[in-house]
Amino acid sequence: LFIFGKAFDQSILASCKEKKAKFIVDISDYKMNIQYNYNLYYEAAKYCKCFTTTCEYLAEIIEKKFNKRCIVFEDPTERCRKLPIIHSISNQDVIKLVCYGSRKNIHRINFDYIIKQLQTVCKIDLQVITNKQEQDPTWWQTWSFDLQETLVNEADAVLLPIFICIKLENFVKSKGNNRPIDSLQQGKFVICNNVIPSYYKLKNYIFVGNLSEGLDFFVNNPKKVYKKIMQGQEYIDKYHNPYRIAEQWLDLERTYI
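Residues numbered from 1 in each chain as written. Predicted model: local features only at pLDDT ≥ 70, side-chain atom pairs only at ≥ 80, totals over all residues. Heavy atoms only, no water.

## Considering the packing of aromatic side chains
Item 1. Here the structure, examined in full by the defined rule, presents 18 aromatic pairs.
Item 2. Taken together through their ring pairs, the aromatic side chains of Tyr-38, Tyr-41, Tyr-42, Phe-51 and Phe-66 make up a single cluster.
Item 3. One Lys or Arg, Arg-79, reaches over the ring of Phe-145 and ends 3.6 Å from the middle of that ring. (Phe/Tyr/Trp six-rings, centres within 6.5 Å; stacked < 30°, edge-to-face > 60°. Lys NZ or Arg CZ within 6 Å of the ring centre and 35° of its normal.)

Here it is, written out as structure tokens:
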């Protein structure tokens, strides 16, 4: 049984058809707006055992478009567990926030506006880390796995603003919740707006809604924040444990082998 991800293309599909191979196609992002991808997946649906993806929203789109079962495998956590450190905050304190993610999402965000809104709540210091390009603001930092961990550990909370427009709605809403899971695993509270369904799924452990209200909640409710992070880490242990997810993949393999 073969499982193909981003490298899947027409030549691989043709080879699978010729050899009558058993295969599964994993679709990690919304790509069906590109005609080549749509045609590729439409043809693959006739021969593959099933599709897989990272969230229910994208799975529903895939099943509707290609009339083929799509199974959700949520991303496992990749970080070491850190317990939350929550302290009382005074009006004079500067809250350290960090935002991270792919530039294709980050570069559309109006950070000047967001910073002004957040500063009506308290003083903030915002770090942005992404796959930075030359034309990006000088204060952004170039992403690496280790730097992300360092900045998250140094931050008081993680800010994950999401930009959306009608043209990009399916692309944005099809995101998995690996970013907030990553932060919770490191003991950090997450503040994000209510755009991505898989983020809303974590609403009991993070703040989903108006960003300024989320910062206000973080500043004024340290005990509740601590409890939410701890409950979020329990959720991670139950649903995002790498061993559990690996076993799910093995079960899928046993089903179709």
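## A look at the sheet that holds strand 2 (residues 23-26)
Item 1. If you trace the 4 strands from one edge of the open sheet to the other, you get 1-2-3-4, paired in parallel fashion. For this open sheet the edge positions go to strand 1 (2-4) and strand 4 (70-72), each flanked by a neighbour on one side alone. Geometrically, the sheet is characterised by an average inter-axis angle of 25 degrees between neighbouring strands, direction not taken into account.
Item 2. Judged from the 3 bridges that link them, strand 1 and strand 2 form a sheet pairing that is parallel. Opposite Phe-4, over in strand 2, you have Val-25 as the bridge partner.
Item 3. In the packing of helix 12 (residues 242-256) onto the sheet, the strands contacted are strand 1, strand 2, strand 3 (51-53) and strand 4, and the crossing angle to strand 2 comes to about 145 degrees. (Pairing = 2+ DSSP bridges. Helix = DSSP H or I, 4+ residues; strand = E, 2+ residues; numbered from the N terminus. Axes fitted to C-alpha atoms, helices over the stretch in contact; angles between N-to-C directions. Contact = heavy atoms within 4.5 Å.)

## Here we look at the sheet that holds strand 7 (residues 141-142)
Item 1. As summarised here, the arrangement of the 6 strands in space is 7-6-5-8-9-10, forming an open sheet in which the pairing is parallel. The sheet terminates laterally at strand 7 and strand 10 (207-208), the two strands that pair on one side only.
Item 2. In the sheet, strand 6 (residues 123-130) pairs with strand 7 via 2 bridges, with the strands oriented parallel. Across the sheet, the residue bridging to Thr-130 is Thr-142, located in strand 7.
Item 3. Lying on the sheet, helix 6 (residues 145-154) is in contact with strand 5 (94-100), strand 6, strand 7 and strand 8 (157-160); it crosses strand 5 at an angle near 155 degrees.

## Brief notes about the state of the cysteines
Item 1. For the structure on display, the rule yields 0 disulfides.
Item 2. Not engaged in a disulfide, the cysteine Cys-16 finds its nearest cysteine sulfur in Cys-48; these two sulfurs lie 9.7 Å apart.
Item 3. Judged by relative accessible area, Cys-16 falls into the buried class, the value being 7%.
Item 4. In this model Cys-48 remains outside any disulfide bridge; the closest cysteine sulfur is found in Cys-50, 6.7 Å from its own. (Disulfide = S-S within 2.5 Å. Buried < 20%, exposed > 50% of the residue type's maximum accessible area, 1.4 Å probe, protein only.)

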